Amino acid sequence: MFIDLHMHERTFSPDSHLRLAEIVRLSKEKGLDGICITDHDNMGLKEYAKAYSKEQNFPIFVGIEYYSLEGDIVAFGIDRYPKKRVSAQEFIDLVKAEGGICFGAHPFRDNNRGLEEHLLRVNGLDGIEVLNGSTSYEACKKAEAYARYLKLTPVGSSDCHTPEKVGVFATYFPEQVKTMADFIRVFKEGNLQPAYYDGKRYVKAINTNLPFKQSVIEYIYN
């Protein structure tokens, strides 16, 4: 399955121009097999998304993009979250206590909302977003290097707020996931791969014929 792990819907992300129906339509057109709604500090779309997912027979997983004191973290599998900003470690610990997963979102984007060097100091992250549709080449390349060094799962997602960004990057799941429990289990197994949309289909970035040590990010952007 190819799933976009980080998307914003306008009901609870005021900076988004996208309604859920449009996100689903565009995702299906591109060939995504599922999507994730990760609104800013909010999971209010969960019940509506659950019903719409059933209606459309299309997997929709609702998580959250939480703005910790050190930067943004995307999390899934939690029922509660702090209503005020807490440290990245405190938030990660909460996610782990509830059996969820989390990854550092756009850690080196130039807007002071990424974890940056705090990646080296926190414990418990399951992955790092190495492909982000709203982040520069250099920032994505650095994130990939950190994912390799820390041995964390590299993932890709669009971080879309506008129609043209929907599904530009995604993550390959090696098996079908229909429930949040399956989603979390497969994520924890760590066999995911970042992927990109080449205009016709999704391509697993790691499966390209790269020279030894060439960055996946270099390959994609070149």
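Residues numbered from 1 in each chain as written. Predicted model: local features only at pLDDT ≥ 70, side-chain atom pairs only at ≥ 80, totals over all residues. Heavy atoms only, no water.

Visitor: Describe the pattern of salt bridges, listing the residues and the values that go with them.
Guide: What the rule picks out here adds up to twelve salt bridges. The salt bridge involving Arg185 is made with Glu189; its shortest N-O contact spans 3.3 Å. Of this pair, Arg185 and Glu189 both sit in helix α5 (residues 180–189), four residues apart, which is roughly one turn of the helix. On the basis of relative accessible area, Glu189 is assigned to the partly exposed category, the value being 42%. A network of salt bridges, in which partner residues are shared, links Glu175, Asp182, Arg185 and Glu189. (Salt bridge = Lys/Arg side-chain N within 4 Å of Asp/Glu carboxyl O. Helix = DSSP H or I, 4+ residues; strand = E, 2+ residues; numbered from the N terminus. Buried < 20%, exposed > 50% of the residue type's maximum accessible area, 1.4 Å probe, protein only.)

Visitor: Quick rundown of unusual backbone geometry? Include the residues and the values.
Guide: Phi at Asn112 takes a positive value of approximately 60°, unusual for a residue other than glycine. Asn112 sits in the exposed class, given a relative accessible area of 63%. Of note, Asp159 is a non-glycine position whose phi angle comes to about 55°, a positive value. Along the polypeptide, Asp159 turns up in the loop between β8 (153–157) and β9 (169–172). Looking at Asp159, the relative accessible area reads 1%, which means it is buried.

Visitor: An account of the side chain of Glu65 is requested, with residue identities and associated values reported.
Guide: Among the structural elements, Glu65 can be located in strand β4 (residues 64–67). Despite being buried, Glu65 has no salt bridge partner; Arg113 is the closest side chain of opposite charge, sitting 5.6 Å away. Polar contacts involving the side chain of Glu65 include one to the side chain of His8, which spans 3.0 Å. Of note is the side chain of Glu65, whose polar atom sits 3.3 Å from the side chain of His40. The contacts of Glu65, once residues within four sequence positions are left out, are His6, His8, Thr38, Asp39, His40, Asp41, Asp72, Ile73, Val74, Ala105 and His106. (Lys, Arg positive; Asp, Glu negative; His and termini not counted. Polar contact = N/O pair within 3.5 Å; in protein donor to acceptor, adjacent residues only side chain to side chain. Contact = heavy atoms within 4.5 Å.)

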